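Each chain, letter by letter, is given below.
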Amino acid sequence: MKQYDVRGKRVLITGASSGIGQQLSHCFAREGAVLFLGCHPGEKRVLADWAGELRACYGSTVSIFPVDLSTKSGPDRLYRQVVKRAKRLDVLVNNAGLMAYGNFHEIPMERQEVMLMVNLRAYSRLMHRALADMMSRGEGRILNVSSVSAFQPTAHHAVYGAAKAFIQSLSEAVDTEIAGSGVVVCTLNPSYTDTPLLRGEGFPRRIRWYRISGLNSPERIAEKGFRAFRRGRRIYIPGLRNALIHSFLPRILPRRLSNAIAYFVLKGA
Ligand SMILES: NC(=O)c1ccc[n+]([C@@H]2O[C@H](COP(=O)([O-])OP(=O)(O)OC[C@H]3O[C@@H](n4cnc5c(N)ncnc54)[C@H](OP(=O)(O)O)[C@@H]3O)[C@@H](O)[C@H]2O)c1
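Peer 1: Honestly, unusual backbone geometry in this entry has me stumped. Any pointers?
Peer 2: The phi torsion of most residues other than glycine is negative, and most of the peptide bonds are trans. Despite not being glycine, K87 has its phi angle at roughly 75°, a positive value. Tracing the backbone shows K87 in the loop between helix 3 (74–86) and strand 4 (91–94). When its relative accessible area of 63% is taken as the criterion, K87 is described as exposed.

Okay, structure coming up:
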């Protein structure tokens, strides 16, 4: 199958200052893409250093855009700034995200709303703007970094999982609407990955799930996700065991049982 060639493509990646987004930017840079990297303003220094490494290593063209995606104007501002510099965007990688762990009623609603602004609203707005431009040209790719949490309710991080389920449903529905247009929407659905996302306030040092599936490295997830993206895989869950557990079991098990298992394995160990 013909692979999508990213050489010379203009690629926006949000949340590129750490974790999966940073490693995805490494893959795109290595293959010759022109990069437009977003980060939280607090991480501007970190991202500037990372951009420097990519330039030194691959001679890449990299611009950075520190914009807070939890604000109302953030996603539109980021998109405007990038398009002004890039002239056109070939690939959007929606990746910036955060996590809040605990019982829904015990996590301050303000924190959950920030999560919704970034994990749900910013994804949707950036996707809406990019898609309109891509559809008018009949070419483009959107990669939404979703999660295995998209496939079943996730007790202990209920809003996080619900936001991922929203993005999953949106991505699949939109990709179906635009089939044959030259524009493609894909998702990357990793299981737990060793990044700062899992080291935030309230997240246990270990959860029982790690005993079943371990903890992925962001390098490996990005590498596999990047390959799947180039092959045009619409939904990609890295790892056969994860694919079986997350795409198959929730469909055959009674829902209450599936939810109870998720509650058990996502609990602190
Ligand atoms: N780690 C996992 O287990 C896992 C599993 C499945 C899916 N995912 C998904 O993978 C994506 C990347 O997460 P990660 O694990 O790589 O975590 P990460 O290393 O914490 O990266 C998240 C990125 O998003 C940025 N971000 C957070 N809030 C932002 C805001 N308000 N405005 C702009 N940027 C903001 C972060 O910047 P700061 O560093 O400044 O906060 C960081 O660069 C997320 O969508 C996550 O849901 C992660």
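Peer 1: What exactly am I supposed to notice about the layout of surface pockets here?
Peer 2: If a probe as big as a water molecule is rolled over the atoms, it shows which places are left empty. Approximately 840 Å³ is the volume attributed to the largest pocket. Around the largest pocket sit 40 residues that line it, and N95, A96, G97, L98 and L197 are the ones nearest its centre. Counting only elements with at least two residues in the lining of the largest pocket, the list comes to helix 1 (19–30), strand 2 (34–39), helix 4 (109–137) and helix 5 (158–177). Taken as a whole, the second largest pocket holds about 260 Å³ of empty space.

Peer 1: Just checking my understanding: could you explain the packing of helix 3 against helix 4 for this structure?
Peer 2: Two numbers describe a pair of packed helices, the interaxial angle and the distance between the axes. Following both chains from N to C, one finds helix 3 and helix 4 inclined at 35°, their axes separated by 9 Å at the closest point. Seen from above, helix 3 lies across helix 4 with right-handed handedness. Side by side, helix 3 and helix 4 meet where P75, D76, L78, Y79 and R80 of the first sit next to R121, A122, R125, L126, R129, A130 and D133 of the second. In terms of residue class, the contact of helix 3 with helix 4 is built from 6 nonpolar, no polar and 6 charged.

Peer 1: Explain the sheet that holds strand 1 (residues 10–13) to me, please; I cannot follow it from the model alone.
Peer 2: Two modes of strand pairing occur in sheets, parallel and antiparallel, and in both the strands are linked by backbone hydrogen bonds. Strand order across the open sheet formed by 7 strands is 3-2-1-4-5-6-7, with parallel pairing between neighbours. Of all the strands in the sheet, the pair left with one neighbour each is strand 3 (62–66) and strand 7 (235–236). Taken together, the 6 bridges between strand 5 (residues 140–145) and strand 6 (residues 183–188) define a ladder with parallel strand orientation. By the bridge assignment for strand 6, V145 is matched with L188. This element, helix 3, spans strand 1, strand 2 and strand 3 of the sheet and lies at about 160° to strand 3.

Peer 1: Looking at this model, I keep getting lost on the pattern of salt bridges. Mind explaining?
Peer 2: Side-chain pairs of opposite charge can arise where the charged atoms are in close proximity. Counted according to the given criterion, the structure contains 10 salt bridges. Among the salt bridges present, the one from R125 reaches D76, with a minimum N-O distance of 3.0 Å. Taken as a pair, R125 in helix 4 and D76 in helix 3 lie far apart in primary sequence, 49 residues in all. One network of salt bridges, in which partners are shared, links R30, E31, E223 and R230.

Peer 1: Before we go on, may I ask you to explain the nonpolar core in this structure?
Peer 2: Across soluble globular proteins, nonpolar side chains show a tendency to be buried alongside one another. With 34 residues, the main nonpolar core has V11, I13, F28, L35, L37, V93 and F229 as its most contacted residues. In contact with F28, other than residues within four places in its own chain, are V6, V11, I13, A33, L35, V91, V93, F226 and F229. Counting residues in each nonpolar core, the second largest holds 24 residues, with A86, L92, A130 and V183 among its members.

Peer 1: How should the packing of aromatic side chains be read in this particular structure?
Peer 2: In this description, an aromatic ring pair is defined by two values, namely the gap between the centres and the angle between the planes. This structure, assessed with the given rule, holds 6 aromatic pairs. Residues Y192 and Y210 carry aromatic rings whose centres are separated by 6.1 Å and whose planes lie at 65° to one another, so their mutual orientation is edge-to-face. With Y192 in the loop between strand 6 and helix 6 (209–213) and Y210 in helix 6, the pair connects residues that are 18 residues apart, well separated along the chain. Judged on exposure class, the residue Y192 and its partner Y210 are both buried.

Peer 1: Looking at this structure, how should I read the site of the ligand?
Peer 2: Surrounding the ligand, one finds 31 residues, the nearest of these being S18, E43, Y160, T193 and T195. Between the ligand and the protein, one listed contact pairs an oxygen atom with a side-chain N or O atom of S17 at 2.8 Å. T195 is positioned such that a nitrogen or oxygen atom in its side chain is 2.6 Å from an oxygen atom of the ligand. Considered on its own, the ligand offers 880 Å² of accessible surface; in the complex 91% of this is hidden by protein. Comparing atom positions with the cavity grids shows the ligand to sit within the largest pocket. Among the elements of the structure, helix 1, helix 4 and helix 5 are those that each provide at least two residues to the shell around the ligand. Looking at the shell around the ligand, its residues break down into 15 nonpolar, 13 polar and 3 charged.

The rules behind these values
- Residues numbered from 1 in each chain as written.
- Predicted model: local features only at pLDDT ≥ 70, side-chain atom pairs only at ≥ 80, totals over all residues.
- Heavy atoms only, no water.
- Helix = DSSP H or I, 4+ residues; strand = E, 2+ residues; numbered from the N terminus.
- Buried < 20%, exposed > 50% of the residue type's maximum accessible area, 1.4 Å probe, protein only.
- 1 Å grid on protein atoms, 1.4 Å probe; cavity = no way out; pocket = protein on both sides within 12 Å on 5 of 7 lines; lining within 4 Å.
- Points joined across faces, edges and corners; volume = space filled by probe spheres on them.
- Axes fitted to C-alpha atoms, helices over the stretch in contact; angles between N-to-C directions.
- Left-handed = near helix turned anticlockwise from the far one by under 90°.
- Contact = heavy atoms within 4.5 Å.
- Nonpolar A, V, L, I, M, F, W, Y, C, P; charged D, E, K, R; others polar.
- Pairing = 2+ DSSP bridges.
- Salt bridge = Lys/Arg side-chain N within 4 Å of Asp/Glu carboxyl O.
- Core = buried A, V, L, I, M, F, W, Y, C linked by side-chain atoms within 4.5 Å.
- Phe/Tyr/Trp six-rings, centres within 6.5 Å; stacked < 30°, edge-to-face > 60°.
- Near = heavy atom within 4 Å.
- Polar contact = N/O pair within 3.5 Å; in protein donor to acceptor, adjacent residues only side chain to side chain.
- Areas by Shrake-Rupley, 256 points an atom, 1.4 Å probe, with all protein chains shown as cover.
- Sits in = over half its atoms within 2 Å of the grid points.

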